[in-house]
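# Examining the three-dimensional arrangement
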Amino acid sequence: MAKKIKGLAMRKIGEIGWIEKEAPKCGPLDALVKPLAAAPCSSDIHTVWEGAIGERTDMILGHEAVGEVVEVGSMVKDFKPGDRVIVPAITPDWMSREAQAGFATHSGGMLAGWKFSNFKDGVFGELFHVNEADGNLAILPDSIPVAEATMITDMVPTGFHAAELADIKLGDTVCCIGIGPVGLMSVAGANLMGASHILAVGSRPDCANAARGYGATDIINYKNGDIVEQVLEKTDGKGVDKVCIAGGDVHTMEQAVKMVKPGGKIGNVNYLGSGDYVFVPRVDWGCGMSHKFIHCGLMPGGRLRMEKLASLVETGKLNLSPMLTHRFKGFDKLEEALLLMKEKPRDLIKPIVVIEE
Ligand code: NDP
Ligand code: ZN
């Protein structure tokens, strides 16, 4: 009889539950991995409770995990059972045309590099499948604990990607809209890329403290009035060179366009879970001639990205402990951690479930 695994699944929009299903099978290029630590993501909340990607029936959730390799396919060269690995949330098909065009994250179609908890079962199962193991796994360095390493799978690469999309240069003044775990990593990314002033937008004091620790020079509370006015006030009416967006809604782009200088760049990684249109203000956008650039993206995944980000943690340039505010122990705690993410108490940055150290 086929082996069964247990997993925390989306039963349908608005409902989660534990299910049993057949264990995944390993293709020649692939690996099967068991999670050692895993974390829920705000994207899981958009998926289940906002129905942001449409209906999914009994799909195992989760896309943030580090794990231990259990099986590899016959053509896998660099990994073997027993290896401890970082598994990126985005696992592209590296032989696709999109990868050859430089956008592996969209391999097989828009956003299709995002497979876990989107097109296939995610990492909240006792065993999960990783396509193209040599291209998508990275060895977990011994010096990085599994909890911190889990942040390298999605929060770090996504937050940093906002800073990359905004093309931050030495000395830039930057506004980071949103300082949840992703936005905090935008702040850290902007700081590492050489931003001078970093104006961070959020309302929760614990996030604001963490943002200061990652390099924010000013905190702006969006609940205290229009953030455009607050940014203009803090920049002598000049606005900012760059904007990273990792929070807000379909109206946030409008604010970003208003606060960025002509020639400025906006990097959005926020996942807009609802609304039909994103608003761009015509006049503030120079009637279409402002050289205000809007860039948006899904995080780049893959092995090299994981290895490079891990090296920032290994060398002490990036400390991920302040991200982990709520720690759980044991596979069964995934449900509690996910529901906590949904509730989002004010002191929560990121919950983490350690299954095995
Ligand atoms: P959180 O919900 O934890 O953080 C959102 C942040 O935005 C908080 O700081 C919040 O402030 C702030 N915020 C909320 N409303 C507004 C508003 N109207 N104006 C300004 N700021 C506001 O989310 P995460 O950090 O976990 O994730 C951020 C986004 O990134 C999510 O949409 C997530 O799905 C997405 N994402 C995208 C990925 C990609 O590859 N592109 C991958 C992973 C995640 P406060 O709570 O303090 O009030
Ligand atoms: Zn995510």
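Just above sits the structure.
Notes on the structure follow.

About the cut-offs
- Residues numbered from 1 in each chain as written.
- Chains lettered and ligands numbered in written order.
- Predicted model: local features only at pLDDT ≥ 70, side-chain atom pairs only at ≥ 80, totals over all residues.
- Heavy atoms only, no water.
- Near = heavy atom within 4 Å.
- Polar contact = N/O pair within 3.5 Å; in protein donor to acceptor, adjacent residues only side chain to side chain.
- Areas by Shrake-Rupley, 256 points an atom, 1.4 Å probe, with all protein chains shown as cover.
- Helix = DSSP H or I, 4+ residues; strand = E, 2+ residues; numbered from the N terminus.
- Nonpolar A, V, L, I, M, F, W, Y, C, P; charged D, E, K, R; others polar.
- Pairing = 2+ DSSP bridges.
- Salt bridge = Lys/Arg side-chain N within 4 Å of Asp/Glu carboxyl O.
- 1 Å grid on protein atoms, 1.4 Å probe; cavity = no way out; pocket = protein on both sides within 12 Å on 5 of 7 lines; lining within 4 Å.
- Points joined across faces, edges and corners; volume = space filled by probe spheres on them.

Close contacts around ligand 1 come from 27 residues, with Ser 42, Ile 179, Ser 203, Tyr 222 and Asn 270 the closest. Val 269 is positioned such that a nitrogen or oxygen atom in its backbone is 3.0 Å from a nitrogen atom of ligand 1. Measuring from an oxygen atom of ligand 1, one finds a side-chain N or O atom of Lys 344 at 2.9 Å. Summarising the interface, the protein chains cover 87% of the accessible area of ligand 1, which totals 940 Å² for the free molecule. With three residues, the top contributor of residues to the shell around ligand 1 is helix 1 (residues 42–49). Considered class by class, the residues forming the shell around ligand 1 number twelve nonpolar, twelve polar and three charged.

Here we take up the pairing of strand 15 (residues 324–329). In this structure, strand 15 lies alongside strand 16 (residues 350–354), joined through five bridges in parallel fashion. Paired with His 326 across the two strands is Pro 351, which belongs to strand 16.

On to the pattern of salt bridges. If you walk through the whole model with that rule in mind, you get 21 salt bridges. For the salt bridge of Glu 22 with Lys 25, the shortest nitrogen-to-oxygen distance reads 3.3 Å. Across the pair Asp 218 and Lys 234 runs a salt bridge, and its minimum N-O distance is 3.8 Å. Taken as a pair, Asp 218 in strand 11 (residues 218–220) and Lys 234 in helix 8 (residues 227–234) lie far apart in primary sequence, 16 residues in all. One salt-bridge network, held together by shared partners, links Asp 78, Arg 303 and Glu 307.

Here the focus is the layout of surface pockets. What the second largest pocket holds in volume is close to 260 Å³. Gly 102, Phe 103, Thr 105, His 161 and Pro 300 are, among the 16 residues lining the second largest pocket, the residues nearest its centre. For the lining of the second largest pocket, the elements supplying multiple residues, two or more each, are helix 5 (155–165) and helix 10 (303–314). Partitioning the lining of the second largest pocket into residue classes produces nine nonpolar, six polar and one charged.

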